Amino acid sequence: MEIAAARGLQILVHSGFSPFPGKSTNRAAFGKKTNWLVKNGSTLRCHRVVVKAQGRPTWLPGLDPPPYLDGTLAGDFGFDPLGLGEDPESLKWYVQAELVHARFAMAGVAGILVTDLLRVTGISNLPVWFEAGATKFDFASTRTLLVVQLLLMGFVETKRYMDFRNPGSQAKEGSFFGLEAALEGLEPGYPGGPLLNPLGLAKDIKNAHEWKLKEIKNGRLAMVAMLGIFVQANVTHVGPIDNLIQHLSNPWHATIIQTLVGSGS
């Protein structure tokens, strides 16, 4: 007879403690099947207990992740409530999209905090981050900068998409003005070389799961931080360093609760 063991039974089996008198066990390793001989009157009956080992971490403890999220992806905690990753091809694209958004968010948070710190301390006369786009530059007009940005970003994103569709195609000789060796793409989404990987981290990208996990965790945190900075600027109309100074000067009254209540009144 096969029965699913609960957590309490898992602990008993693992420790070797016997809750049934008059039985002998042939216990295998934890997480495998265990045979029990239970004495019932004058008859010995064999019971097979299926002991389930602790599963991998999930975003909600006790949740069974969908089968297509098997833990092989970096940062996979089984989170897909809308089932967007059921199609394998779509899942590959979502992985790349999240990776790019995470990197932009990390760069954005760092840029906002550094420039805001320089502005608040008076080291540089910089505009607050949400007004920086309206700044006029002497060396080029806004229209010229927009066209240049569209061309450069369009070129980079096109190359990235082509490498996603045909991995390794953009590392062939002559595909990037002779700079292929300097970039040395490792796999889709992970370019390398002295320009994009100057410290030589994760050269063996196939076995760099720990580095990938650290990057995507920091990237997800940065995306949440960017959302907070957007909301903060919309409510308070100042930069994040200004908000921090206000809170530190009056920590019991200058909080998110008072700010939201004040903005709604």
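By the naming in an unreviewed UniProt entry, the protein is Chlorophyll a-b binding protein, chloroplastic, taken from Sesamum angolense. Quoted verbatim from the Sequence similarities (unreviewed entry) field of the UniProt record, the comment on the protein reads "Belongs to the light-harvesting chlorophyll a/b-binding (LHC) protein family." In UniProt, the protein has this text filed under Function (unreviewed entry): "The light-harvesting complex (LHC) functions as a light receptor, it captures and delivers excitation energy to photosystems with which it is closely associated."

### Notes on the overall build of the protein
Helix and strand content of the protein: 8 helices and 4 strands. What you see in the protein, going N to C, is helices and strands ordered as β-α-β-β-β-α-α-α-α-α-α-α. Across the 265 residues of the protein, 21% fall into the buried class. As displayed, the protein offers around 18,700 Å² of accessible surface, 64% of which is attributable to carbon and sulfur atoms.

### A few points about helix H2 (residues 88–120)
One turn of an α-helix holds 3.6 residues; hence residues three or four places apart share an orientation. Over its 33 residues, H2 runs 48 Å from end to end, which matches the ideal 48 Å to within 8%, given 1.5 Å per residue. Those residues of H2 that fall on the buried side of the exposure criterion are Leu91, Gln96, Leu99, Val100, Ala102, Ala105, Val109, Ile112 and Asp116. Contacts from the buried residues of H2 go to helix H3 (142–165), helix H6 (209–236) and helix H7 (240–249). Following H2 by one or two positions, Gly122 has its phi on the positive side, about 80 degrees.

### Quick notes on the packing of H2 against H3
Contact geometry of H2 with H3 gives a least axis separation of 12 Å together with a crossing angle of 145 degrees. Where H2 crosses over H3, the handedness of that crossing is right-handed. Along the contact surface, H2 presents Lys92, Trp93, Gln96, Val100 and Phe104, while H3 presents Met153, Arg160, Tyr161 and Phe164. Class assignment for the residues of the contact of H2 with H3 results in 6 nonpolar, 1 polar and 2 charged.

### Concerning the UniProt feature "binding site: chlorophyll a 1" (unreviewed entry) in the protein
UniProt feature "binding site: chlorophyll a 1" (unreviewed entry): in the numbering of this structure it lies at Glu98, His101, Lys214, Glu215, Asn218, Gln232 and His247. Position of His101 relative to the elements: it lies in helix H2. Within the local environment of His101, its side chain forms a polar contact with the backbone oxygen of Ala97, the two atoms lying 2.7 Å apart. Structurally, Glu215 is set in helix H6. If we ignore the near neighbours within four places in the chain, the residues touching Glu215 are Leu99, Arg103, Met106 and Tyr190.

### Focus: the UniProt feature "binding site: chlorophyll b" (unreviewed entry) in the protein
Taking the UniProt record as the reference, the feature "binding site: chlorophyll b" (unreviewed entry) is found at Arg103 and Leu183. Its location among the elements puts Arg103 in helix H2. A residue is classified by how much of its surface remains accessible, and Arg103, at 27% relative accessible area, is partly exposed. When near neighbours in sequence (up to four residues on either side) are disregarded, Arg103 contacts Gly189, Tyr190, Pro191 and Glu215.

### Some words on the packing of aromatic side chains
Think of a pair of aromatic rings as described by two things: how far the centres are apart, and how the planes are tilted against each other in angle. A full pass over the atoms with the stated rule returns 6 aromatic pairs. Ring centres 5.6 Å apart and planes at 85 degrees place the aromatic pair Trp129 and Phe130 in the edge-to-face group. The aromatic ring of Tyr190 is capped on one face by Arg103, whose charged end is 5.3 Å from the ring centroid. It is Lys214 that lies over the ring of Trp211; its NZ or CZ is 5.3 Å from the centre.

### Quick notes on the side chain of Asn243
When you line up the elements, Asn243 lands in helix H7. Filtering out sequence-adjacent residues up to four positions away, Asn243 remains in contact with Gln232, Thr236 and Val238.

### Re a nonpolar patch on the surface
A cluster of nonpolar side chains, namely Leu82, Leu84, Trp93, Tyr94 and Tyr161, defines an oily patch on the protein surface of about 540 Å² accessible area. Its place among the elements puts Tyr161 in helix H3.

Conventions we followed
- Just so you know, the residues in each chain are numbered from 1, in the order the chain's sequence is written.
- In keeping with the predicted nature of the model, local features appear solely for residues at pLDDT of at least 70, side-chain atom pairs appear and are counted solely at 80 or more, and the whole-chain, interface and lining totals rest on all residues.
- To obtain the side-chain values, all non-hydrogen atoms of the structure were used and water was disregarded.
- UniProt positions are given in the numbering used here, feature names are shortened, and annotations may be inferred rather than shown by experiment.
- Secondary structure elements follow DSSP: runs of H or I no shorter than four residues count as helices, runs of E no shorter than two count as strands, and numbering proceeds from the N terminus.
- Only protein chains enter the accessibility calculation, which uses a 1.4 Å probe. A residue is then buried if its area is under 20% of the maximum for its type, exposed if over 50%, and partly exposed in between.
- Per-residue accessibility takes into account occlusion by the displayed protein chains alone, with areas from the Shrake-Rupley method and a 1.4 Å probe.
- A helix is expected to span 1.5 Å multiplied by its residue count minus one.
- The contact criterion used throughout is that any non-hydrogen atoms of two residues lie within 4.5 Å.
- Helix axes are fitted only over the stretch in contact, all axes being lines through C-alpha atoms; the angle between N-to-C directions runs from 0 to 180 degrees.
- Less than a right angle of anticlockwise turn of the near helix away from the far helix marks a crossing as left-handed, whereas a clockwise turn marks it as right-handed.
- The residue classification treats Ala, Val, Leu, Ile, Met, Phe, Trp, Tyr, Cys and Pro as nonpolar and Asp, Glu, Lys and Arg as charged. All others, Gly included, are polar.
- Whenever a nitrogen or oxygen atom comes within 3.5 Å of another N or O atom, the pair is scored as a polar contact, on the condition that within protein one atom can donate a hydrogen and the other can accept it, and that pairs from neighbouring residues in sequence are kept only if both atoms are in side chains.
- Aromatic rings from Phe, Tyr and Trp, with only the six-membered ring used for Trp, were paired whenever their centres fell within 6.5 Å, and each pair was classed as stacked if the ring planes differed by under 30 degrees, edge-to-face if by over 60, and tilted otherwise.
- Cation placement over rings: the criterion is NZ of Lys or CZ of Arg within 6 Å of the ring centroid and within 35° of the ring normal.
- Each patch is assembled from residues with relative accessible area greater than 30% and no salt bridge, linking like charges that lie within 9 Å and nonpolar side chains (Val, Leu, Ile, Met, Phe, Trp, Tyr) that lie within 5 Å.
- The term salt bridge refers to a pairing of a side-chain nitrogen on Lys or Arg with a carboxyl oxygen on Asp or Glu at a separation within 4 Å.

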